[in-house]
Amino acid sequence: MNIANLLDKRRSNWGELERLCEAMEVRGRTDKAGPQYKGAAGIVRFATLYRGACADLALADAYQLPPATVTYLHRLVARSHNQLYRAGKFEPTGWFDMIFRVAPREIYGDACVRVATLVFFGLFALSMYLGYQQTLFPDFANVIVGDAGLEQMEEMYEMELVGGLDHYVQMSSFYIMHNTGIGLKCFAYGILIVPCLYILSSNAVTLGTVFGYMAREDVASRDNFFEFVTAHGPFELTAIALSAAAGLRLGMGLFATGGLSRIDSVRRSAVRAIPVISAAAVLFVLAAFTEGFISPSPLAYTFKAGWSVMSSSMISFYFVVLGFPGNRHAQPGGDPVSTILDDTPSGSDANSNSFANLNDDGSASVRAA
């Protein structure tokens, strides 16, 4: 067949590829060009058309077709290449969907979240009880925190909480850095599992012991202490547990591959960990705002206690109501996380790799490896 005639028959594919490029440039998704391009079907079709355009460009160059045709194909291939390998842009609607739809469902059904929550809050409650029981365990707080640490805590909260707006803004920035540092440490060590559990447990024991010690009747600064920590406690403690859970999810992907290669397994786990660590980041910001502006303010303790109750209720609603399995709209066996992040069909087999072969007519034939 004459090369010019063959390329002329492929013009419809070029036009289709142009429409897909336009849809991706405007909205970032192939399905905006038509419902037939939704999900994996659109990605496979785009890749097929892109490969076909590259082959057409090679033929046009080799057979010295009219310069206008060659120039057009050069621009089309470059445009498609930019869309195929472009960096993801920030889309507020996508992140809103991530935080309020995907994240609570992933958190609700993730075993790593349950393990991290049980370890952290279980050790926190136990250490708080042991630190409070001065008669039964008189030296427990001194052994865990140290005499110098306990004295420093008492001195820190001897004075009443006062400060101006500048002080609150400065402290809010400090708490964002401090709290995020704790969360990142738990998340980073999660890939090795044991160090993550150690850091999580040590933080839980230390914080719980301090809470229990400061709750003793003979500690003069206990009222100021609880007036400060009551408001931001639920946000901060929950965020620490979620950060560790996201790290543990990565670690599980490294050691429990489920038949995948370690790289593919970690990638799959990372997709599931992203919503969890995103929710933790939001909670850290809320904790820093509360800790910087509300906790040290002269507001009445009833307001701070009410804020704590409200934040606890919000967290419970977020995890239980929004994350309840009955709210899932994905297909049976589907993974809503991969649907949002990968734009691939949620019921696809994670153990198979598919490759699309380009036919003469630009269609794709898929084989499984």
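Shown above is the structure to which this text applies.
The structure presented is a predicted model; accordingly, all values stated were derived computationally and were not measured.

### What to know about the overall build of the chain
Of the regular secondary structure elements, the chain holds 15 helices and 2 strands. Each of the 369 residues in the chain was classed as buried or not, and the buried ones make up 40%. For the chain, the share of sequence-separated contacts (at least 6 apart) that also reach a separation of at least 24 residues comes to 75%. For the chain, the accessible surface area stands at approximately 19,700 Å², while carbon and sulfur atoms represent 62% of it.

### Brief notes about a negative patch on the surface
A contiguous patch of negative charge, built from Asp 139, Asp 147, Glu 151, Glu 155 and Glu 158, is present on the exposed surface. Note on Glu 158: relative accessible area 54%, which makes it exposed.

### Examining the nonpolar core
Ranked by size, the top nonpolar core spans 50 residues in total, and within it Ile 107, Met 214, Phe 225 and Leu 242 carry the most contacts. No other element matches helix α12 (residues 233-255), which puts 11 residues into this core. Other than its neighbours up to four places away in sequence, Met 214 contacts Met 153, Glu 154, Tyr 157, Val 219, Ser 221, Arg 222, Phe 225 and Phe 226. In this structure, Leu 20, Tyr 37, Leu 49 and Ala 53 belong to the second largest nonpolar core, which totals 18 residues.

### What about the pattern of salt bridges?
Counted under the stated rule, the structure contains 6 salt bridges. A salt bridge links Glu 16 to Arg 45; its shortest N-O distance comes to 2.8 Å. Here the residue Glu 16 occupies a position in helix α2 (residues 11-27), and Arg 45 occupies one in helix α3 (residues 40-62), the gap between them amounting to 29 residues. Looking at Glu 16, the relative accessible area reads 11%, which means it is buried. In this structure, the salt-bridge partner of Arg 272 is Glu 106, at a minimum N-O distance of 2.7 Å. With Arg 272 in helix α13 (residues 262-294) and Glu 106 in helix α5 (residues 92-109), this pair connects stretches of sequence that are 166 residues apart. Among the residues examined, Arg 272 registers a relative accessible area of 23% and is labelled partly exposed.

### Things to note about the environment of Leu 254
Mapped onto the elements of the fold, Leu 254 is located in helix α12. Leu 254 sits 12 residues away from Val 266 along the chain, and the two C-alpha atoms are 5.4 Å apart. Once residues within four sequence positions are removed from consideration, Leu 254 is found in contact with Ile 191, Arg 262 and Val 266.

Analysis parameters
- Residues numbered from 1 in each chain as written.
- Predicted model: local features only at pLDDT ≥ 70, side-chain atom pairs only at ≥ 80, totals over all residues.
- Heavy atoms only, no water.
- Helix = DSSP H or I, 4+ residues; strand = E, 2+ residues; numbered from the N terminus.
- Buried < 20%, exposed > 50% of the residue type's maximum accessible area, 1.4 Å probe, protein only.
- Contact = heavy atoms within 4.5 Å.
- Areas by Shrake-Rupley, 256 points an atom, 1.4 Å probe, with all protein chains shown as cover.
- Patch = residues over 30% accessible without salt bridge, like charges linked within 9 Å, V, L, I, M, F, W, Y side chains within 5 Å.
- Salt bridge = Lys/Arg side-chain N within 4 Å of Asp/Glu carboxyl O.
- Lys, Arg positive; Asp, Glu negative; His and termini not counted.
- Charge placed at Lys NZ, Arg CZ, Asp CG, Glu CD.
- Core = buried A, V, L, I, M, F, W, Y, C linked by side-chain atoms within 4.5 Å.

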